[in-house]
Structure formats: C-alpha cells, structure tokens
Amino acid sequence: PDGPAERRHRGSGREIAMPELVPWHDEYRLGLPAVDHDHWHLVQALNAAWERHAAGGDTYAAADILCDMHALLAGHFALEEKFMRRAGDPAYEAHALEHRELLDVVSDLMEAQIEDARTLDAEAFGSRIAAWLAAHFAGADAALYLDSRA
C-alpha cells in the first residue's frame, strides 16, 4: 500500500495540503502481506493523529486517536511476539522490550494530551514515535522476517 506524501485537510472552508508526519516507504515492507498491511495501517493512524492535532483539533480528539493507535500497536505487537515465542526466537525479549517502550511513549503522550493540549508537539510526537516506527520496521522487524525465512 502506497499513499500520497501529503494529506488534504479542509479547514476554514478551504482545502490545505499537510505533509505527512511519517510518509510510507517501500522499504518498510517485509514481504509478509499481513504484517506489511498492519505496518501501513499503523503509519496511517499516526498520520491521522498528527493531522488532527496540526489542524487544531480539540484535546480529546487527538487523545482519542492516540488511544486508538495504542490499541493498534498493542494488537500488532501481541501477534508479532506470539510468532516469535512459537519460533523460539532468541531475540524475543529484546524485541518485546522495544514494543513495551513505544507503548509507554504513546501512553505518556496520551495522558499528557488529556491534561494539556499543548504537550503534543512535533518534537515529542514526530521524533519519538515516527523515528521509532521507521527504525523498528527497518531494523528489528526486518531481522525477524529474515531470520524466520532461514
């Protein structure tokens, strides 16, 4: 699934282009259609959250999207970890720790967003989550897939 590099937002009666926080890149694909679809869906959820925040959405709208993203991530991670446990993957503990760390980041941002809308800024949201996803897809998840094919 490839998406446009920018999303359209209708605000103040006119449509404006907003750059995606995390553009989808083909190198995120691991060759497992179900995992690739989940990764694409996670990127879309992240971009939707950013778009709502950047467009001046209310505090709870952004918090709701972060909550949805947390649920998507937790579900995806649970399936991935189940696969790793069944395979007896020696990297399971380290991989699962990476998952827990990102879920903690999303939880912290969600709580902060509910308390104060100004806390969800580009630095916290973009740097911590988007960079983590890109590195995890290309690093730990790619290694997991390559190891499972050996």
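Residues numbered from 1 in each chain as written. Predicted model: local features only at pLDDT ≥ 70, side-chain atom pairs only at ≥ 80, totals over all residues. Heavy atoms only, no water.

**Some remarks on the overall build of the chain**
Heads up, the rule is: Helix and strand definitions here come from DSSP, where helices need a minimum of 4 consecutive H or I residues and strands a minimum of 2 consecutive E residues; each element is numbered from the N-terminal end. Buried residues are those whose accessible area, probed at 1.4 Å on protein chains only, stays under 20% of the maximum for their type, while exposed residues exceed 50% and partly exposed ones sit between those limits. By definition in these notes, contact holds between two residues if any of their heavy atoms fall within 4.5 Å. Only the protein chains shown count as cover for residues, and the accessible areas themselves come from Shrake-Rupley with a 1.4 Å probe.
Summing up its helical and strand segments, the chain has four helices and two strands in all. The order of helices and strands in the chain, counted from the N terminus, is β-β-α-α-α-α. For the chain, buried positions account for 40% of its 150 residues. Considering only contacts within the chain whose residues lie at least 6 apart along the sequence, 66% involve residues at least 24 apart. When the accessible surface of the chain is split by element, carbon and sulfur atoms take 55% of a total near 8,200 Å².

**Here we look at the packing of aromatic side chains**
Put simply, the test is: Each aromatic pair joins two rings of Phe, Tyr and Trp (for Trp, the six-membered one) with centres within 6.5 Å, and gets the label stacked for planes under 30 degrees apart, edge-to-face for over 60, and tilted for any other angle.
For the structure on display, the rule yields three aromatic pairs. With a centroid separation of 5.3 Å and an interplanar angle of 80°, the aromatic rings of Trp 24 and Tyr 28 are classed as edge-to-face. The same class applies to Trp 24 and to Tyr 28, which are both buried. Put simply, the rings of Trp 24, Tyr 28 and Phe 137 touch in pairs and so form one group of aromatic residues.

**What to know about the nonpolar core**
Our working definition: Here the nonpolar core consists of buried residues drawn from Ala, Val, Leu, Ile, Met, Phe, Trp, Tyr and Cys, with membership extended through side-chain atoms lying within 4.5 Å.
Formed by 21 residues in total, the largest nonpolar core has its most connected members in Leu 46, Met 69, Leu 73, Leu 102, Ile 129 and Leu 133. Residue assignment for this core shows that the elements contributing at least two residues are α1 (33-54), α2 (59-87), α3 (92-115) and α4 (122-149). When residues in this core are grouped by element, the largest group, six residues, is from α3.

**Quick notes on the pattern of salt bridges**
Condition: Salt bridge criterion: a side-chain nitrogen from Lys or Arg within 4 Å of a carboxyl oxygen from Asp or Glu.
For the structure shown, the criterion picks out one salt bridge. Notably, a salt bridge pairs Arg 29 with Asp 26, separated by 3.6 Å at the nearest N-O pair.

**What to know about the environment of Glu 80**
Quick reminder of the rule: In protein, a polar contact requires one atom able to donate a hydrogen and another able to accept it; more generally it is a pair of N or O atoms within 3.5 Å, and residues adjacent in sequence count only if both atoms are side-chain atoms.
Its location among the elements puts Glu 80 in helix α2. For Glu 80, a relative accessible area of 7% puts it in the buried group. Expressed as a C-alpha distance, the spacing of Glu 80 and Asp 141, which sit 61 residues apart in the sequence, is 8.9 Å. Residues within four places of Glu 80 in sequence aside, it is in contact with His 39, His 95, His 99, His 136, Asp 141 and Leu 144. Within polar-contact distance, the side chain of Glu 80 engages the side chain of His 99 at 2.8 Å.

**Observations regarding the environment of Glu 27**
Its location among the elements puts Glu 27 in the loop between β2 (14-19) and α1. Taking the relative accessible area as the measure of exposure, Glu 27 reaches 55% and is therefore exposed. When the C-alpha positions of Glu 27 and Ala 142 are compared, they lie 9.6 Å apart, and in sequence the two are 115 residues distant.

**Overview of α3**
Rules: To estimate how far a helix should extend, the number of its residues minus one is multiplied by 1.5 Å.
With 24 residues, α3 should reach 34 Å at 1.5 Å per residue; the first-to-last C-alpha distance of 35 Å fits that figure. For α3, the set of buried residues is Tyr 92, His 95, Ala 96, His 99, Leu 102, Leu 103, Val 105, Val 106, Ser 107, Leu 109, Met 110 and Gln 113.

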